[in-house]
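Commentary on secondary and tertiary structure
Now for the letters of each chain:
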Amino acid sequence: MSELFSVFLHLLLFELVAPVTFRHHRYDDLVRTLYKVHNECPQITRVYSVGRSVQGRHLYVLEISDYPGIHEPLEPEVKYVGNMHGNEVLGRELLLQLSEFLCEEFRNGNQRVARLVQDTRIHILPSMNPDGYEVAATQGPNSSGYLVGRNNANGVDLNRNFPDLNTYIYYNEKYGGPNHHLPLPDNWKSQVEPETQAVIQWMRSFNFVLSANLHGGAVVANYPYDKSLEHRVRGFRSTANSPTPDDKLFQKLAKVYSYAHGWMHQGWNCGDYFPDGITNGASWYSLSKGMQDFNYLHTNCFEITLELSCNKFPGQEELQREWLGNREALIQFLEQVHHGIKGMVLDENYNNLAGAVISVSGINHDVTSGDHGDYFRLLLPGTYIVTATAPGFDPETVSVTVGPGEPILVNFHLKRSMAPASPVRRAPSGGRRLRAKVQPRAARKKGTEMKQTPRGPA
Ligand SMILES: [Zn+2]
């Protein structure tokens, strides 16, 4: 009798603490789940599509914020992208869990979640490669076909499909030129897959500040650059630590995830060892045309790549443990967007100045203000000299000390220059001219690109 009672109690408790179902979601199920979350939390969510896959499936995003559909000035935009490789499915499931978790905790009055939702605009794309996923899911979990469903329906690896801007940045670092917002090739749309094009247009239509791209096949937080400058080749791999000008910041972002994760920080996972559970992408192995480098070089967004499971398609019974191992890390990473400095760039009449350039001395990577004149610059604690410039205006420079907590508000009021706008004061815009010169080098370097490796994260 008492045993029966205990079973009953156990079932009751399980129902209470496990309101979400841990299962793999096929496309229709994924869409239903996103709309279910929206229906449960209509005031803080919105479902939208950024485009369609080769086979016509929508790339749905769930937005979570206090005013869905609206950019509030000084409220940063952050994104998560899952399942870019169709057979790496854990990220897809974790992002659905996260969506449901944020909604439910908001409704339950969880102060931490409420604050996150109020202060942040969160965009969640659970599957960037829904066609590949369906192929992998047909085969099922724990399958032996390591690469089945990895690519999109045209057989293209989406994380080798973004325009290669690294070649230009390495050239510019050496010979001068823009250190951020590198322009796209004129014919970029014809060079990329529909999923890549949709995601690039998405990146260009929101002023994202922070992002993570969720993969599987290892357990490590991987930060840019993914493409090495030197392409030193050891066997078929080429590896060389390739830090960005924001290297320390990227390392910290990666460590926030790995240390909040249940076991990533321990370093030994899947037969590999990564100190602190983090790695520079190119020092693991170099890859060209990846998404995280593109984020950094073409937009204001700082993206890292999270490798979350040894097994790319874990069994359903693994999902709850994985969610519990990742939940705190997924939340803490979102909270990282609230560091550094942010503010408005305005003219003397308090008009917003979009596209103003914010430079931090000592860090050769600028960011720009968004359409509303607001800017966000992630920084580690320290004292910085920060300059805002805009065409036709005098630059303004301030010194600011950043602490470990809340971002420091630094507004700029730029005065129109008295002299006719001189080229010196203009925001960097020489990309086009330079690109024409660099193009042949870029084409030649392509030959050094790495072939796809099954161990690949990204
Ligand atoms: Zn991957």
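Note that the structure is predicted; figures quoted are calculated from it, not measured. (Residues numbered from 1 in each chain as written. Predicted model: local features only at pLDDT ≥ 70, side-chain atom pairs only at ≥ 80, totals over all residues. Heavy atoms only, no water.)

Before going further, it helps to examine helix α8 (residues 194-205). Helix length check: α8, at 12 residues, gives a terminal C-alpha distance of 17 Å against a target of 16 Å (1.5 Å per residue), a fit within 8%. Within α8 the residues assigned to the buried category are Glu-195, Thr-196, Ala-198, Val-199, Ile-200, Trp-202 and Met-203. (Helix = DSSP H or I, 4+ residues; strand = E, 2+ residues; numbered from the N terminus. Expected span 1.5 Å × (residues − 1). Buried < 20%, exposed > 50% of the residue type's maximum accessible area, 1.4 Å probe, protein only.)

A word on the sheet that holds strand β17 (residues 382-389). One open sheet holds the four strands; their spatial order is β15-β14-β17-β18, and the pairing between them is antiparallel. Each edge of the open sheet carries a strand with a single partner, namely β15 (363-368) and β18 (396-402). Going from strand to strand, the sheet's axes swing by 25° on average, the running direction of each strand aside. The pairing of strand β14 (residues 357-360) with β15 spans three bridges and is classified as antiparallel. Its bridge partner lying in β15, Val-357 is registered against Thr-368. (Pairing = 2+ DSSP bridges. Axes fitted to C-alpha atoms, helices over the stretch in contact; angles between N-to-C directions.)

Moving on to the packing of aromatic side chains. This structure, assessed with the given rule, holds 19 aromatic pairs. Both rings, one in Tyr-225 and one in Tyr-296, keep their centres 6.0 Å apart while their planes meet at 70°; by these two values the pair is edge-to-face. Here Tyr-296 lies in helix α11 (residues 291-298) and Tyr-225 lies in the loop between β6 (218-223) and β7 (233-234), a separation of 71 residues in the sequence. Comparing Tyr-225 with Tyr-296 shows no difference in burial state: the two are buried. When the centroid spacing of 6.5 Å and the interplanar angle of 70° are considered together, the rings of Tyr-257 and Phe-333 count as edge-to-face. Taken as a pair, Tyr-257 in helix α9 (residues 247-260) and Phe-333 in helix α12 (residues 319-335) lie far apart in primary sequence, 76 residues in all. (Phe/Tyr/Trp six-rings, centres within 6.5 Å; stacked < 30°, edge-to-face > 60°.)

Moving on, we come to the sheet that holds strand β1 (residues 45-52). If you walk across this open sheet you meet the eight strands as β1-β2-β4-β3-β5-β12-β6-β11, and the pairing is mixed. Where the open sheet ends on each side, the last strands, each with one partner, are β1 and β11 (278-280). Geometrically, the sheet is characterised by an average inter-axis angle of 25° between neighbouring strands, direction not taken into account. Note: strand β3 (residues 77-82) against strand β4 (residues 121-125), five bridges, orientation parallel. If you follow Tyr-80 over to β4, its bridge partner there is Ile-124. Sitting on the sheet, helix α2 (residues 27-40) touches β1 and β2 (58-64), and the angle it makes with β2 is about 25°. (Contact = heavy atoms within 4.5 Å.)

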